[in-house]
Each structure stands twice: as structure tokens, then as C-alpha cells.
Amino acid sequence: RVYLAGLVGLVLILTAEARVGNSSESRFCTESKECLLYDMVCKNDNYEVRHYDSVKWVSTDEEAYFMDKATYTAFRRLFKYITGSNKAGVNIDMTAPVTVKIEEKKKMWGSSIFTLSFLLPSTHQMTPPQPTDDKVYFTEMPDMKVYVRSYGGWMMSLTSSVNSMLLKRQLDKVQATYNKDYHYAVGYDSPTKILNRHNEVWYMVEGEPVCPSSS
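Residues numbered from 1 in each chain as written. Predicted model: local features only at pLDDT ≥ 70, side-chain atom pairs only at ≥ 80, totals over all residues. Heavy atoms only, no water.

Q: What is the right way to look at helix 2 (residues 67–82) in this model?
A: Side chains of residues three or four places apart in an α-helix project in the same direction, reflecting 3.6 residues per turn. Between its first and last C-alpha atoms helix 2 spans 22 Å; for 16 residues at 1.5 Å apiece the expected length is 22 Å, and the two agree. What helix 2 keeps buried is the set Met67, Ala70, Thr71, Ala74, Arg77, Leu78, Tyr81 and Ile82. All buried residues of helix 2 project into a common sector of 135° when viewed along the axis, lining one side. Opposite the packed face of helix 2, turned more than 90 degrees from it, sit the exposed residues Lys69, Tyr72 and Lys80. In this fold, the buried residues of helix 2 make contact with strand 5 (55–64), strand 6 (98–103), strand 7 (112–119), strand 8 (136–141), helix 3 (157–173) and strand 10 (182–187). Backbone geometry just after helix 2 places Gly84 at a positive phi near 115°. (Helix = DSSP H or I, 4+ residues; strand = E, 2+ residues; numbered from the N terminus. Expected span 1.5 Å × (residues − 1). Buried < 20%, exposed > 50% of the residue type's maximum accessible area, 1.4 Å probe, protein only. Arc of directions from axis to C-beta. Contact = heavy atoms within 4.5 Å.)

Structure below.
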């Protein structure tokens, strides 16, 4: 039984490391040791479909009228968590990407709740240090397929909104089904990086993914 328990534990650790892996395995992750890895399902000139395994994130919510204001405050809160403001008092490596969950049905001139999340590194996927700030909590993103549109430059409210609109337009054009309640704005780079920045928009696939070849 002890041997079996140890074997199960080893499998779980290896699985976590397979989902959160070395950044050398991703062309997007240039500043962190580890990155969220995925399997490519299909792609065309307009978008990709990717499969992600379930992984654990550290998250926080912030209410604001614009994503930029929310992410500024939320990022500082999570950065404190990974730089020692946790019950273990340990530093945690920064990973990529950073995601922002954005509500789709925002009222005109109304505020929204934005959820910012840092991917936990492989060594903390199973038992991350507990937060000291009650606004910081853990989330487990499910095993999922996502529609992905990539773009360069800076991830801001305007660029994120434009690219989410363009992705939705392409998905609706091919009658793809996807979760229309929210989407993710996804960034891979630190604010200090100037060139070759990489950002994405994700919509969660519902049903079978649709990925026709580009004409």
C-alpha cells in the first residue's frame, strides 16, 4: 500500500510537470522558467484550437470600469503573494501566461468583475502556500479546449476588446459553439519587454471544435 501510494503521488507530480513545463517548450514564454503547455488540436489563418489539461492558479478579483485599472491593482496583489506574502513566507517563481477572465455581458457604463490569475509553478501545483490576503484564492481551470486568437503589442482594454470581437466574428461565421458568458485575455510578457510581445484571446469550446481550413 505504501508503494502504491508513492506511485500514485509520483504520477500526480509527473502529470503536473507535464502541464506546467519548461518554457523552452513554448515559443511564447521568453521570460519565465515555466509555462503553461498545450496540445494543438487544429489551426487556420484566423484562430487555433488548443487542448489544456486541468491546472491550478492563484487568483484575485477586482471590480472596475476598465480592464487596465483592474489588472494594475490585481497584479500587485498577486505579486505580493508570490514574493513572500503567504503563510509559508516563501518566494514563488513567476510563470506565464497571466490570464484575465472578462465578463461578456457588461452593462453600458457599468463596472465589471475582472479575475486575474497567475499560473502556479509545477512545484506548487499540488500544495501551494496559503495566502495571507483574503482576497487571494486558488482556482482550478478545468481540462478544456479553447479557441485562440493571437496578437502582438500591449494587452490593454482596447486591444483586448478588438481582438475578442474579431475572434467572435470568425467563430460565428463558421457556426462554432463556444461559451459566450466570458472570455480570457492572456498575456505572456512583463511590462519591461518592448519587442515581440505576445497576447491572446481565449473562448472556451462547447461541443466539438470547428476549425475549417482557410480558403
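Q: What is the right way to read the pattern of salt bridges from this model?
A: Oppositely charged side chains may form a pair once their charged atoms are brought near each other. Following the criterion strictly, the structure yields seven salt bridges and no others. Among the salt bridges present, the one from Asp93 reaches Lys33, with a minimum N-O distance of 3.9 Å. Of this pair, Asp93 sits in the loop between helix 2 and strand 6 while Lys33 is found in the loop between strand 1 (20–22) and strand 2 (34–36), placing the two residues 60 residues apart along the sequence. Of the charged contacts, one joins Arg50 and Glu200 as a salt bridge, the two residues approaching to 2.8 Å between their closest N and O atoms. One end of the pair, Arg50, is in strand 4 (residues 48–52); the other, Glu200, is in strand 11 (residues 199–204), and 150 residues separate them in sequence. (Salt bridge = Lys/Arg side-chain N within 4 Å of Asp/Glu carboxyl O.)

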